[in-house]
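# Inside the fold
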Amino acid sequence: EVGEPFKEEKAVAKYLRFNCPTKSTNMMGHRVDYFIASKAVDCLLDSKWAKAKKGEEALFTTRESVVDYCNRLLKKQFFHRALKVMKMKPDKDTKKEKEKGKAESGKEEEKKSKKESGKDEKTKKEKEKEKKKDGEKDECKKVSTVYKRRDKPVYVWIYDPVHFKTFAMGLVLVIAVIAATLFPLWPAEMRVGVYYLSVGAGCFVASILLLAVARCILFLIIWLITGGRHHFWFLPNLTADVGFIDSFRPLYTHEYKGPKADLKKEEKAESKKQQKYDSEEKSDSEKKEEEDGKTEGTRNSGTDGSGGERHSDTDSDRREDDRSQHSSGNGNDFEMITKEELEQQTDEGDCEEEEEEDTESGPSHGKS
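Since the model is a prediction, treat every value here as computed from it, not as a measurement.

A count of helices and strands for the chain gives 10 helices and six strands. Looking at the 368 residues of the chain, the share that counts as buried comes to 12%. Considering only residue pairs separated by 6 or more positions, the chain has 57% of its internal contacts joining residues 24 or more positions apart. For the chain, the computed accessible surface area is about 31,400 Å², with 55% contributed by carbon and sulfur atoms.

Structure representation (structure tokens):
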């Protein structure tokens, strides 16, 4: 048998109720708060009962001790265990899908009957029965997937003590009501001050109401005189869902909705269309210029190959040009190179000198 809770258990449950993070949900048509076991254990391990006092041992030393204490609170019905069920939205267009499926199946059957005219009627009936069975199975699956159950349990609060803040607010409200009923017994100065404050608050509220009516009347007068062309609002945000200061900003708004405004809109639309058309024309012209440049490049390459006057640069000339550009760009008369590049350049220079000697020796032998 479970007895009544002790003072210590009530204090622990109250601390857990107001300090453990909770979430709210609907259960059996009621709004309830629930929590997770791991967060409750962490909350109690950080409480004052987890710290040892002088001459006393701590109530909570390990997570297992906290779990045992929470099981005791569970038995004394401070909260109860529950399973969280996720409610899935059923398919709204199930009827439409069924009708579509029937129509498609009918068309397929007609096609099959045309192609397979030699088959018996018994096979068709058997196929229809199989399709009906498959449809019933699919419906059962859809109904079963409406709810999904989670294995992790949650704990719903039954113990709901009154918080100190709510108690204080209720006490202040009761005192204010009693003080209002005892208004004739107040001192004369306090009564005069409250009277002027109430008159000032009433005048402020009345002025806002009068402004709201006056701005509507002003809008109607201007709208009728101008034939609906001018829309003028004084304090447009006065009745809007904004802050106190923002309700008085801006001071007014004005819109012109006449034929000129329509012409301006049409001109803007035409200008946008022209800009798009011009951009498309530019893109087409750029494409043509690129194609012309390519054709000219091919022609120049053909003429260069036929004339035989231009020759490709050697590797040494290209390197010299690169060095000169590098030095002129950096403002220096030298550049840093590695040992491997230097050896390659010397080897190439020796090979070029040998080729020149061979060319010079060739015609001399011819003369001899």
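Going through the model one piece at a time under the given rule, you end up with 14 aromatic pairs. Between Phe-78 and Tyr-159 the ring centres are 5.2 Å apart and the planes differ by 85°, which places this aromatic pair in the edge-to-face class. Within this pair, whereas Phe-78 is found in the loop between helix 3 (63-75) and strand 3 (79-87), its partner Tyr-159 is found in the loop between strand 4 (147-157) and helix 6 (164-181), the two being separated by 81 residues in sequence. For Phe-78, a relative accessible area of 4% translates into the label buried. Aromatic ring contacts, followed pair by pair, group Phe-35, Phe-79, Tyr-155 and Trp-157 into a single cluster. When the ring centre of Trp-49 is taken as reference, the NZ or CZ atom of Lys-48 above it lies at 5.0 Å.

For the rest of this paragraph, the subject is the UniProt feature "transmembrane region" (unreviewed entry) in the chain. Summarizing the sequence annotation, UniProt attributes the feature "transmembrane region" (unreviewed entry) to residues 167-188 and 194-225 in the numbering used throughout. The distance from the first to the last C-alpha atom of residues 167-188 is 32 Å, and the span holds 73% helix and 0% strand. As a span, residues 194-225 carries 100% helix and 0% strand, and end to end its C-alpha atoms are 47 Å apart.

Our next topic: the pattern of salt bridges. Scanning the entire structure with this criterion turns up seven salt bridges. The residue Lys-257 makes a salt bridge to Glu-255 at a minimum N-O spacing of 3.7 Å. Several salt bridges converge on common partners, so that one network encompasses Glu-9, Arg-72 and Lys-76.

In this model, helix 6 (18 residues) spans 26 Å end to end at C-alpha, consistent with the 26 Å of a helix rising 1.5 Å per residue. Little of helix 6 is tucked away: zero of the 18 residues are buried.

With that settled, the discussion passes to unusual backbone geometry. Backbone torsion omega between Arg-249 and Pro-250 reads -5°, so that peptide bond is classified as cis. Its location among the elements puts Pro-250 in the loop between strand 5 (230-234) and strand 6 (252-256). Within the chain, Gln-77 stands out as a residue other than glycine whose phi angle is a positive 60°. Looking at the secondary structure, you find Gln-77 in the loop between helix 3 and strand 3. Gln-77 sits in the exposed class, given a relative accessible area of 60%.

Attention now moves to the packing of helix 2 (residues 37-45) against helix 3. Running from N to C, helix 2 and helix 3 cross one another at 110°; their axes reach a closest spacing of 10 Å. Between helix 2 and helix 3, the crossing angle belongs to the class labelled roughly perpendicular. Of the two possible hands of crossing, helix 2 and helix 3 adopt the one that is right-handed. The residues of helix 3 that touch helix 2, namely those facing Ser-38, Val-41, Asp-42, Leu-44 and Leu-45, are Arg-63, Val-66, Val-67 and Cys-70. Of the residues in the contact of helix 2 with helix 3, the class split is six nonpolar, one polar and two charged.

Conventions used here
- Residues numbered from 1 in each chain as written.
- Predicted model: local features only at pLDDT ≥ 70, side-chain atom pairs only at ≥ 80, totals over all residues.
- Heavy atoms only, no water.
- Helix = DSSP H or I, 4+ residues; strand = E, 2+ residues; numbered from the N terminus.
- Buried < 20%, exposed > 50% of the residue type's maximum accessible area, 1.4 Å probe, protein only.
- Contact = heavy atoms within 4.5 Å.
- Areas by Shrake-Rupley, 256 points an atom, 1.4 Å probe, with all protein chains shown as cover.
- Phe/Tyr/Trp six-rings, centres within 6.5 Å; stacked < 30°, edge-to-face > 60°.
- Lys NZ or Arg CZ within 6 Å of the ring centre and 35° of its normal.
- UniProt positions renumbered as here; feature names shortened; annotations may be inferred.
- Salt bridge = Lys/Arg side-chain N within 4 Å of Asp/Glu carboxyl O.
- Expected span 1.5 Å × (residues − 1).
- Axes fitted to C-alpha atoms, helices over the stretch in contact; angles between N-to-C directions.
- Parallel < 35°, antiparallel > 145°, perpendicular 65-115°, else oblique.
- Left-handed = near helix turned anticlockwise from the far one by under 90°.
- Nonpolar A, V, L, I, M, F, W, Y, C, P; charged D, E, K, R; others polar.

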